[in-house]
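Below are the chains, spelled out letter by letter.
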Amino acid sequence: MPRRCPTSIISVWTFRWLIVRIMLGAGLIKIRGDRCWTDLTCMDYHYETQPVPNPMSYYMHRSPWWFHRFETLSNHFIELIVPFFTFMGRRMCMINGALQILFQVVLIISGNLSFLNWLTIVPSLACFDDSALAFLFRRSGNVRQTLLKIQTEEAEGLKTPPTKGMLIRRVLNVSLGVLIAYLSIPVLMNLLSSRQMMNTSFEPLRIVNTYGAFGSITKERTEVVFQGTLSLNHTAEDVVWEEYEFICKPGALDRRPCLISPYHYRLDWLMWFAAFQTYEQSEWVIHIAGRLLANDSTILSLMAHNPFQDREKPRWIRGEHFRYKFTRPGSNSAAQGKWWARKRIGPYFPPVNLDGLRNYFQSRNWPLPTGD
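Each value, and the rule that gives it
Residues numbered from 1 in each chain as written. Predicted model: local features only at pLDDT ≥ 70, side-chain atom pairs only at ≥ 80, totals over all residues. Heavy atoms only, no water. Buried < 20%, exposed > 50% of the residue type's maximum accessible area, 1.4 Å probe, protein only. Helix = DSSP H or I, 4+ residues; strand = E, 2+ residues; numbered from the N terminus. Disulfide = S-S within 2.5 Å. Polar contact = N/O pair within 3.5 Å; in protein donor to acceptor, adjacent residues only side chain to side chain. Contact = heavy atoms within 4.5 Å. Phe/Tyr/Trp six-rings, centres within 6.5 Å; stacked < 30°, edge-to-face > 60°. Lys NZ or Arg CZ within 6 Å of the ring centre and 35° of its normal. Core = buried A, V, L, I, M, F, W, Y, C linked by side-chain atoms within 4.5 Å. Pairing = 2+ DSSP bridges. Axes fitted to C-alpha atoms, helices over the stretch in contact; angles between N-to-C directions.

Per an unreviewed UniProt entry, the recorded name for the chain is Lipase maturation factor 1 isoform X1, and the organism is Danio rerio.

In structure tokens:
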């Protein structure tokens, strides 16, 4: 612990300001974005419809209605009230840090939100000062002894004469504080605006940004399922369609939801967005279909199951659109090992083959997949 260049209090406060922005942005976008956040019903849907549920999501979804109301109220308290504790003295600032970390741990347990919650814990640590964090170091260790000596000297009013390097650091720290304050003006204006934008930067270097999450909650879960067949005629009565499985997103009804946080399967995440759009809006879905037709090893490495492994390439690929719901614990379906129940909505995209996709790929300057 270098005694002549302690951590700048301005740097500490930039982290505290970051956690304030993250939580206020998330809280305000909720109450402005979806009525279910104000009528306290959002948690009736969240666990089932979030991008990538985990096993705990299955059980949390079936919590009593009053518990879901409590969760929503707690969310508003943590995101809209607790951040102001940061500016109410040492003890309240530490309470803010502890509650924010606890909140993120709950989110980590109840869903796969990648590294988002783990990263949000980092600025929350700035809410604790040296005295609060001293327990992390051995009493006999050099770091602990140096810290205690610095604190004793500060309590007695003893200060080390600043060196030239220390003075330069102070100038740089003050300059950083002024820069952050200036760049925070549009962020504050955005937080106060009824047309608040979510996850936006207002300057090219993206030093001070505005954040938000789950401004609206989807009320039902839909999934796109890729299916392939070896049949020459995809309209034949005896055609057999076989399903591909992604690594983590819902597919097979008897497959337990995965647990991957803080890891992130980006394709599975993007498929969640594609499911409530059309393939015209998400053209990359057709790009995937083309590469599946070619048994492309790169795209297949992002899949959990290829029904045509060690077989010839599929002749046709189609996308089917399904509505998924958690089964109820104790039900017949759950007793059969099924975590999900699903109902077909209709086709997501029609059957396609490589010949039919040739012009589609060329018009978008995509290389036509040929396989390995």
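1. Let's talk about helix α11 (residues 266–275)
Note on helix geometry: an α-helix contains 3.6 residues per turn, so any two residues three or four positions apart are oriented the same way. Summarising burial for α11: seven of the 10 residues are buried, a large majority. Among the residues of α11, L267, D268, W269, M271, W272, A274 and A275 are the ones counted as buried.

2. Overview of the state of the cysteines
Scanning the model with the defined rule gives two disulfides in all. Through a disulfide, C36 is tied to C42; the S-S separation comes to 1.7 Å. Taking the torsion about the sulfur-sulfur bond, which here is approximately 65 degrees, the covalent link between C36 and C42 counts as right-handed. Classification of C42 by relative accessible area gives buried; the value is 0%. Paired by a disulfide, C248 and C258 hold their sulfur atoms 1.4 Å apart. A residue pair is termed long-range when its members are at least 10 positions apart, and C248 in the loop between β5 (245–246) and α11 and C258 in the loop between β5 and α11 qualify at 10 residues. Of the two residues, C248 and C258, both sit in the buried class. Taking only the cysteines that form disulfides and numbering them from first to last, the chain has the pattern 1-2, 3-4. With no disulfide partner, C93 has as its closest neighbouring cysteine sulfur the one in C127, 4.1 Å distant.

3. Quick look at the side chain of E203
Of note, E203 is situated in the loop between β1 (200–201) and β2 (209–210). A distance of 3.2 Å separates a polar side-chain atom of E203 from the backbone nitrogen of V208. Look past the residues within four positions of E203 in its chain and what remains in contact with it is L183, V208 and N209.

4. Observations concerning the packing of aromatic side chains
Ring pairs (aromatic) are described by centroid distance and by the angle formed between their planes. Scanning the entire structure with this criterion turns up 21 aromatic pairs. For the ring pair F77 and F85, a centre distance of 6.4 Å and an interplane angle of 75 degrees mean the geometry is edge-to-face. Among the residues examined, F77 registers a relative accessible area of 39% and is labelled partly exposed. The class of F85 is buried, set by a relative accessible area of 13%. Members of the aromatic cluster, each reached through a chain of ring pairs, are Y58, Y59, Y324, F326, W339 and W340. The positively charged end of K219 is found above the aromatic ring belonging to Y45, 5.8 Å away from the centroid. The side chain of R342 reaches across the aromatic face of F322, ending 3.9 Å from its centre.

5. Things to note about the nonpolar core
One finds F226, Y244, L292, I317 and F349 to be the most contacted residues of the largest nonpolar core, which totals 25 residues. For this core, the secondary structure elements donating two or more residues are β3 (221–229), α11, α12 (284–293), α13 (297–300), β8 (340–352) and α15 (354–363). It is α12 that provides the largest number of residues to this core, a total of six residues. Those residues within four positions of I317 in sequence are excluded, and the remaining contacts are F226, Q227, G228, W241, Y244, A289, L292, L293, F349, P350, P351 and V352. Ranked by size, the runner-up nonpolar core spans 10 residues in total, among them W17, I180, L183 and L191.

6. Here's the deal with the sheet that holds β8
Adjacent strands of a sheet form backbone hydrogen bonds with each other and so pair up, either parallel or antiparallel. Taken together, four strands build an open sheet; the order of strands is β4-β3-β7-β8 and the sheet is antiparallel. Edge strands, defined here as strands with exactly one partner in the open sheet, are β4 (242–243) and β8. Across nine bridges, β3 lies against strand β7 (residues 316–326) in antiparallel orientation. Bridge pairing in β7 links Q227 to R318. Docked against the sheet, α12 engages β3, β7 and β8, running at close to 80 degrees with respect to β8.

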